[in-house]
There are 2 protein chains.
Amino acid sequence: MAQQMNVGLLGFGTVGTGVLEIIEQHQDKLAHQIGAPVKVKKVLVSSLDKDRGPAAAHTELTTNADDILLDDDIDVVVEVMGGMEQARDYMKKALEQGKHVVTANKDVMAVYGSELLKTANEQKCDLFYEASVAGGIPILRTIVEGLASDRITKMMGIVNGTTNYILTQMTKEGRLYEDVLKEAQALGYAEADPTADVEGLDAARKISILGTLGFSMNLDLDDVSVSGISSVTSQDLQYSKQLGYTMKLIGIAVRDGDKVEVSVQPTLVPHEHPLASVDDEFNAVYVYGEAVGETMFYGPGAGKLPTATAVVSDLVEVLKNKRLGVTGNSAIIPQFEKQLKTDEEIRSKYFLRIHAKDKRGTFAALTRIFDEHNVSLEKILQVPLNEGRLAEIIVVTHEVTKKDYEEVLERLQDEDVVVEIKSSYRTEGDMS
Amino acid sequence: MAQQMNVGLLGFGTVGTGVLEIIEQHQDKLAHQIGAPVKVKKVLVSSLDKDRGPAAAHTELTTNADDILLDDDIDVVVEVMGGMEQARDYMKKALEQGKHVVTANKDVMAVYGSELLKTANEQKCDLFYEASVAGGIPILRTIVEGLASDRITKMMGIVNGTTNYILTQMTKEGRLYEDVLKEAQALGYAEADPTADVEGLDAARKISILGTLGFSMNLDLDDVSVSGISSVTSQDLQYSKQLGYTMKLIGIAVRDGDKVEVSVQPTLVPHEHPLASVDDEFNAVYVYGEAVGETMFYGPGAGKLPTATAVVSDLVEVLKNKRLGVTGNSAIIPQFEKQLKTDEEIRSKYFLRIHAKDKRGTFAALTRIFDEHNVSLEKILQVPLNEGRLAEIIVVTHEVTKKDYEEVLERLQDEDVVVEIKSSYRTEGDMS
């Protein structure tokens, strides 16, 4: 068996501890797969005073990142410290030192991914980041391997566990958004400041990483149109259900020809769609490939062991590549020029709920507006409200352009019979 | 770029044509991934007279397998001819000639897999068979990669599209078994002789392959306890639904400690379980790993392009390994002694439907039998039938041993108040 391979670990929180434990507990299996024993030589910690438990007994702790980044014996740097600028700086320095890097950091990969991948490529190093999207699901590897003989045209991901938990509780138990959020915070599922989760930013980072990889096109976070779940109401969920849909916060990446669209929004999918039954804190990524057709990958999105397992899987691949003298990431550098769809090219169905005056001519006035902007309707539901003075009108459109639909919304706002536009959601996944 | 690598294709049916088309259409991408161009040099066909269309224009056709198996220029043999003995003989001969083999043949792998893998290992050749289980889902690769740092304890697979289509139609449309089967045969979804599908044999082959790989234990087809769907009735489906379950034909492989159990049977899963919403001809494999937790992989189980894509993915890996001078299959040879659970060790819930006399004392007589065999009940549903002379009684047990449960069935058969045992199904996947 070949010489021992050494890992430097940046960060010793939940995931870092998990990585160290897995490597220690599976030494034989890992050595067998890699063809060489592997050891965590050093760990970067914030303080040497804290008791790190038995996991730390066989490794060296340091508070100085250079002890790892400049150590010639270290083959791979594993970044699980989180955060943004510092993590990026360390990863860049590691690559510049010719070290391979494995990271679980979606924030850094979404913002500095292209820059870091470029450095990795120049240095002929691997930069792997499976754990940055849906920790327990080997989705990046599946995309890369599938790409050799297929062409991905659509990805839809439930990639944020917190919002999926909140929407599931609201849908299944009829609970209120605020109540579920508070409970999730108390249980530690949601952060004290939940903005990144509930406003869709976390999901946007992940779908931009998926889109960049799946379409081989350098998508920035700014290219992702984002809206979150904080204004979703129980009524929306009720009416969606009645019309055959389940609401999920979905990151969508679509390609038509050479042009793409990437967005995150609360989205209605038919009850029968595989994404509709992904509940609670679970994640799932649905991928449509021209050859393979519909596939979906389901699993835990976060958690100590799922995330650490993903990191170790990457580590195994990097160490194999290193031992064989090949790097695996040349396939992962974006190859195509970014081309974003315009609003005239983005096509989707929409669910629209409005309150209108309940009088003769209302519906005629509405349909005239829809007609004038080429928006045809697939489903209509009208319910009297407020002792008959108001009507709750819900429609689901056929597939229309975003531009036409937004013009309709604008027209409706000025229309006399419309009292209020209550909500509007993208609708995806109808089997055709 | 390195020298061209040559493939010999055994079989030119639907899948073989797909493999050839994908390799021709994706030459650049494949060459980039492998680091060398790849070409289908020869194809084994049954007759040279048949028009093979444009796909055959750039390759050499032969009716003599030795033209491929003994050709020193051919690096990898791809077996997509189907059948049993001849396919096995060709694969064995190819391996003995030092050629790597990729196959889509579940029949051969389920029966001769261990023998062929042994030959491959002795010859330091790769033998890959991703396409043999759930063509469109990269499940074998996911298992192998996950295994390096995790321990799989349970797999449940919907791995036969025909039976899943039949059960979906029966459940959703209330149609009769015979009608759906006839329609599926007319549409070409089911074979003229549907036995292998509907009696569970096809699924048994696949779950034995999954179990062998996931538990690293050489499981034979004879180790799989099998029952099919031909006696499933609409009433069974109705009552299951009422009690919160969906019926699927599921291949199950469970490990507790060092002992395993492998079986295929119509199984009830709760509506909320991810397998419950896998409909029509789709396949899905649910995997529980100690570290990663619950994951599920969903996609097409068959079809020209999904299966051909899986074959080409294997081919890419084999060619990479070949170019690097390493073989990938040493990890895939079973490492543990086979140890099967006894009926005292197999634990499950069960759904049981019986017709009993509708008179005082009936339920007491039944519960006495359950009690005496340690079978406790989780759900009970009783409905009067036949103007009150008969009662339809459905129970779902708590988790019990197979031995206790089968003793109960035997006792019930002799019990005076029981008129008929209508049906009995395994029940899995309750969230605990």
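Residues numbered from 1 in each chain as written. Chains lettered and ligands numbered in written order. Predicted model: local features only at pLDDT ≥ 70, side-chain atom pairs only at ≥ 80, totals over all residues. Heavy atoms only, no water.

The name given to chain A in an unreviewed UniProt entry is Homoserine dehydrogenase, and the organism recorded there is Alkalicoccus luteus. According to UniProt, the comment filed for chain A under the heading Sequence similarities (unreviewed entry) is "Belongs to the homoserine dehydrogenase family." We quote the UniProt Catalytic activity (unreviewed entry) comment for chain A here in full: "L-homoserine + NADP(+) = L-aspartate 4-semialdehyde + NADPH + H(+)". (UniProt positions renumbered as here; feature names shortened; annotations may be inferred.)

1. Quick look at the overall build of chain A
Each helix and strand counted, chain A has 14 helices and 17 strands in total. Taking 22 Å as the expected radius of gyration for a compact globule of 432 residues, we find that chain A reaches 24 Å, a close match to that expectation. Each of the 432 residues in chain A was classed as buried or not, and the buried ones make up 59%. By sequence separation, contacts in chain A at least 24 residues apart represent 74% of the contacts at least 6 residues apart. Carbon together with sulfur atoms contributes 45% to the accessible area of chain A, which is approximately 17200 Å² in total. (Helix = DSSP H or I, 4+ residues; strand = E, 2+ residues; numbered from the N terminus. Rg over C-alpha atoms; globule rule 2.2 N^0.38 Å. Buried < 20%, exposed > 50% of the residue type's maximum accessible area, 1.4 Å probe, protein only. Contact = heavy atoms within 4.5 Å. Areas by Shrake-Rupley, 256 points an atom, 1.4 Å probe, with all protein chains shown as cover.)

2. Considerations on the packing of aromatic side chains
Residue and element names in this part refer to chain A. Summed over the entire model, instances satisfying the criterion amount to 9 aromatic pairs over all chains. Ring geometry for Phe 351 against Tyr 425: centres 6.0 Å apart, planes inclined by 40 degrees, an arrangement best described as tilted. Placement of the pair is Phe 351 in strand β13 (residues 347–357) and Tyr 425 in strand β17 (residues 418–427), with a sequence separation of 74 residues. Here the guanidinium or amino end of Arg 88 rests over the ring plane of Tyr 112, the centre of that ring lying 4.8 Å away. (Phe/Tyr/Trp six-rings, centres within 6.5 Å; stacked < 30°, edge-to-face > 60°. Lys NZ or Arg CZ within 6 Å of the ring centre and 35° of its normal.)

3. Comments concerning the side chain of Gln 169 of chain B
Structurally, the position occupied by Gln 169 of chain B is in helix α7 (residues 161–173). Judged by relative accessible area, which is 14%, Gln 169 of chain B ranks as buried.

4. A short note on the relation of the copies chain A and chain B
For the pair chain A and chain B, the superposition axis carries a translation of 0.1 Å, the fit reaches an RMSD of 0.0 Å, and the rotation angle comes to 180 degrees. This pairing of chains is accounted for by a two-fold axis. Among all residues of chain A, the minimum C-alpha distance to the rotation axis is found for Phe 297 of chain A, at 2.4 Å. The residues that chain A uses at the interface reappear at the interface of chain B in 100% of cases, marking a shared surface. (Least-squares fit on C-alpha atoms with pLDDT ≥ 70 in both.)

5. Quick look at the pattern of salt bridges
Taken as a whole and judged by the stated rule, the model has 70 salt bridges over all chains. Taking the shortest distance from any N to any O, the salt bridge between Glu 420 of chain A and Lys 422 of chain A comes out at 3.5 Å. Taking the relative accessible area as the measure of exposure, Glu 420 of chain A reaches 40% and is therefore partly exposed. You can call Lys 422 of chain A partly exposed: its relative accessible area is 33%. Residue Arg 353 of chain B pairs with Glu 392 of chain B through a salt bridge whose shortest N-O separation is 2.6 Å. Of the two residues, Arg 353 of chain B is situated in strand β13 (residues 347–357) and Glu 392 of chain B in strand β15 (residues 390–397); the sequence distance between them amounts to 39 residues. Just as Arg 353 of chain B is buried, Glu 392 of chain B falls in that class too. Counted as one network, the salt bridges with shared partners bring together Lys 41, Lys 42, Asp 71 and Asp 73 of chain A. (Salt bridge = Lys/Arg side-chain N within 4 Å of Asp/Glu carboxyl O.)

6. Examining the sheet that holds strand β4 (residues 76–79) of chain A
Residues and elements named next belong to chain A. Reading across the sheet, the 6 strands line up as β3-β2-β1-β4-β5-β6 and stay open at both edges, with parallel pairing between neighbours. Edge positions in the open sheet fall to β3 (60–62) and β6 (127–128), since each of these has one partner strand only. Both strand β2 (residues 38–44) and β3 contribute to a ladder of 3 bridges, which runs parallel. Bridge pairing in β3 links Leu 44 to Thr 62. Against the sheet, helix α4 (residues 85–96) contacts β1 (5–10), β2, β4, β5 (100–103) and β6, and its axis sits at roughly 155 degrees relative to β5. (Pairing = 2+ DSSP bridges. Axes fitted to C-alpha atoms, helices over the stretch in contact; angles between N-to-C directions.)

7. Observations concerning the interface of chain A and chain B
On the side of chain B, 41 residues touch chain A, which itself brings 40 residues to the contact. Summed over both partners, the interface of chain A with chain B buries about 3400 Å², with 58% contributed by carbon and sulfur atoms. The interface formed by chain A and chain B holds 2 salt bridges in total. Of the charged contacts, one joins Glu 145 of chain A and Arg 141 of chain B as a salt bridge, the two residues approaching to 3.4 Å between their closest N and O atoms. Viewed at the interface, chain B and chain A are joined by 7 residue pairs in polar contact (both at pLDDT 80 or more). If you list the elements that add at least two residues to the side of chain A that touches chain B, you get α2 (27–34), α6 (139–147), β12 (293–300) and α12 (304–324) of chain A. Examining the composition of the side of chain A that touches chain B, we find that 7 residues originate from one element, β12 of chain A, more than from any other. Its residues assigned to classes, the side of chain A that touches chain B shows 20 nonpolar, 13 polar and 7 charged. In terms of strand pairing, β12 of chain A meets strand β12 (residues 293–300) of chain B through 3 bridges, oriented antiparallel. Across the sheet, residue Met 296 of chain A finds its bridge partner in β12 of chain B, namely Tyr 298 of chain B. (Buried area = accessible area lost by both parts, 1.4 Å probe. Polar contact = N/O pair within 3.5 Å; in protein donor to acceptor, adjacent residues only side chain to side chain. Nonpolar A, V, L, I, M, F, W, Y, C, P; charged D, E, K, R; others polar.)

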